[in-house]
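Now for the letters of each chain:
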Amino acid sequence: MNSKLQRLYDQLENDRKILLAKVELVPEEKFNRPPAPNKWSLAQVLSHIVAAEHGSTGYMKKKSLGIDQVDNSGIVESLKIGVLIASQRLPFLKFKAPKIVVDHTPQFHSAESIIRQWDEVRADLKLFLEKMEDKNIRKKIYKHPFAGRLDVVQAVTFFREHIIHHSPQINRLLH
């Protein structure tokens, strides 16, 4: 795996392990209880993160089949990922999950089932990243719903920011 991708993947996995260590002992009833009407439960938040990573990895795998026809990222995409990171870190900014992600978010009812699915999604992502040739890491094969086309480095960076973005929500649900 490219050293930059490896470093990002390792950070992403570390964040996931820290998060799951907090979640895996939550009683099932609390895990599935929304804090208020029309608010997501802990199970729904985690399912959303897993579904987003799963769909994004599948999209990148599909786009990489024609990678030679894909443009490289540049200054515009660097600016986009910077704005995206900033927007994910601002607590007063709220985003509705994209319809495609919501529509493809499975309903899990136990931490164990989410962890098992996330393990599979991450293994798939790791395998994909291991096969990514260095010459292709700047190819715009990821499509973020708001930022548009980005490269695989920016995609993995966003996956991490997505977890960071949802961490305050998850922490509130844990207490």
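Here the structure is shown first, and the text comes after it.
What counts and how
Residues numbered from 1 in each chain as written. Predicted model: local features only at pLDDT ≥ 70, side-chain atom pairs only at ≥ 80, totals over all residues. Heavy atoms only, no water. Patch = residues over 30% accessible without salt bridge, like charges linked within 9 Å, V, L, I, M, F, W, Y side chains within 5 Å. Areas by Shrake-Rupley, 256 points an atom, 1.4 Å probe, with all protein chains shown as cover. Salt bridge = Lys/Arg side-chain N within 4 Å of Asp/Glu carboxyl O. Helix = DSSP H or I, 4+ residues; strand = E, 2+ residues; numbered from the N terminus. Buried < 20%, exposed > 50% of the residue type's maximum accessible area, 1.4 Å probe, protein only. Axes fitted to C-alpha atoms, helices over the stretch in contact; angles between N-to-C directions. Parallel < 35°, antiparallel > 145°, perpendicular 65-115°, else oblique. Contact = heavy atoms within 4.5 Å. Nonpolar A, V, L, I, M, F, W, Y, C, P; charged D, E, K, R; others polar.

## A closer look at a nonpolar patch on the surface
Piece 1. Taken together, the side chains of Ile 75, Val 76 and Leu 79 make up a nonpolar region of the molecular surface, amounting to roughly 320 Å² of accessible area.
Piece 2. Looking at the element boundaries, Leu 79 is found in helix H4 (residues 75–89).
Piece 3. A relative accessible area of 55% places Leu 79 in the exposed class.

## Examining the packing of H4 against helix H7 (residues 152–174)
Piece 1. Where H4 meets H7, the axes come as close as 9 Å, and the angle between the chain directions of the two elements is 10 degrees. As the angle between them shows, H4 and H7 are arranged roughly parallel. The segment H4 lies against H7, with Glu 77, Ser 78, Ile 81, Leu 84, Ile 85, Gln 88 and Arg 89 engaging Gln 154, Thr 157, Phe 158, Glu 161, His 162, Ile 164 and His 165.
Piece 2. In terms of residue class, the contact of H4 with H7 is built from five nonpolar, six polar and three charged.

## Concerning the pattern of salt bridges
Piece 1. Under the criterion given, the structure shown has 11 salt bridges.
Piece 2. A salt bridge links Asp 15 to Arg 160; the nearest nitrogen and oxygen atoms lie 2.5 Å apart. Here Arg 160 lies in helix H7 and Asp 15 lies in helix H1 (residues 3–23), a separation of 145 residues in the sequence.
Piece 3. A salt bridge links Glu 53 to Arg 122; its shortest N-O distance comes to 2.8 Å. With Glu 53 in helix H3 (residues 42–64) and Arg 122 in helix H6 (residues 111–131), the pair connects residues that are 69 residues apart, well separated along the chain. Grouping residues by exposure puts Glu 53 and Arg 122 together as buried.
Piece 4. What you see here is one network of salt bridges that share partners, running through Glu 13, Arg 16, Glu 53, Asp 119 and Arg 122.

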